[in-house]
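# Understanding the architecture of this molecule
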Amino acid sequence: MALLFAIDKDTEEVIVSKSSKGSNKINFIERIKRTDNETIYYTVQALRSITKLDNFDEKKFKLIDKVCQMIYNNHKENL
């Protein structure tokens, strides 16, 4: 199961979803307001910005994605 992260610019929320490897089905988990966890918000924003670069670097993307997952797991533990 892989976690997926997106930003809703209108509501300033991180959208967290999950998907099984090899599947096209995405299951919504939750929304996290920027004010509830600014760290994950700005880290997901960085992840998103990496995807828009002309010279996309997969290694950097995977590293930032891993950081997003660690921050999210820490967020869940501290609720």
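Quick summary incoming for the structure in this document. A quick note: this is a predicted structure, and the numbers were derived from the prediction, not measured.

Another point: the packing of aromatic side chains. Describing an aromatic ring pair means giving the distance of the ring centres and the angle of the ring planes. Scanning the model with the defined rule gives three aromatic pairs in all. A centroid spacing of 6.2 Å and a plane angle of 70 degrees characterise the contact between Phe5 and Tyr72, whose relative ring orientation is edge-to-face. A residue pair is termed long-range when its members are at least 10 positions apart, and Phe5 in strand β1 (residues 2–8) and Tyr72 in helix α2 (residues 58–77) qualify at 67 residues. As far as burial versus exposure is concerned, Phe5 and Tyr72 are alike and both buried. Residues Phe56 and Phe61 carry aromatic rings whose centres are separated by 5.7 Å and whose planes lie at 50 degrees to one another, so their mutual orientation is tilted. Exposure remark for Phe56: the relative accessible area of 43% places this residue in the partly exposed category. Of the residues examined, Phe61 reaches a relative accessible area of 24% and is grouped as partly exposed.

Right, let's get into the pairing of β1. Looking down a regular strand, the side chains alternate between one sheet face and the other. Sheet topology places β1 next to strand β2 (residues 13–19); seven bridges connect them, and they run antiparallel. From the neighbouring strand, Leu4 faces β2, where its bridge partner is Ser17. Following β1, the chain reverses through four residues before pairing antiparallel with β2; Glu12 in that reversal takes a positive phi of roughly 55 degrees.

Strand order in the open sheet formed by three strands is β1-β2-β3, with antiparallel pairing between adjacent strands. In this open sheet, the two strands that pair with only one neighbour each are β1 and β3 (27–33). Each strand axis lies, on average, 25 degrees off the axis of its neighbour in the sheet, ignoring direction. Helix-sheet contacts for helix α1 (residues 38–51) involve β1, β2 and β3, and the interaxial angle to β1 is about 95 degrees.

Calculation rules
Residues numbered from 1 in each chain as written. Predicted model: local features only at pLDDT ≥ 70, side-chain atom pairs only at ≥ 80, totals over all residues. Heavy atoms only, no water. Phe/Tyr/Trp six-rings, centres within 6.5 Å; stacked < 30°, edge-to-face > 60°. Helix = DSSP H or I, 4+ residues; strand = E, 2+ residues; numbered from the N terminus. Buried < 20%, exposed > 50% of the residue type's maximum accessible area, 1.4 Å probe, protein only. Pairing = 2+ DSSP bridges. Axes fitted to C-alpha atoms, helices over the stretch in contact; angles between N-to-C directions. Contact = heavy atoms within 4.5 Å.

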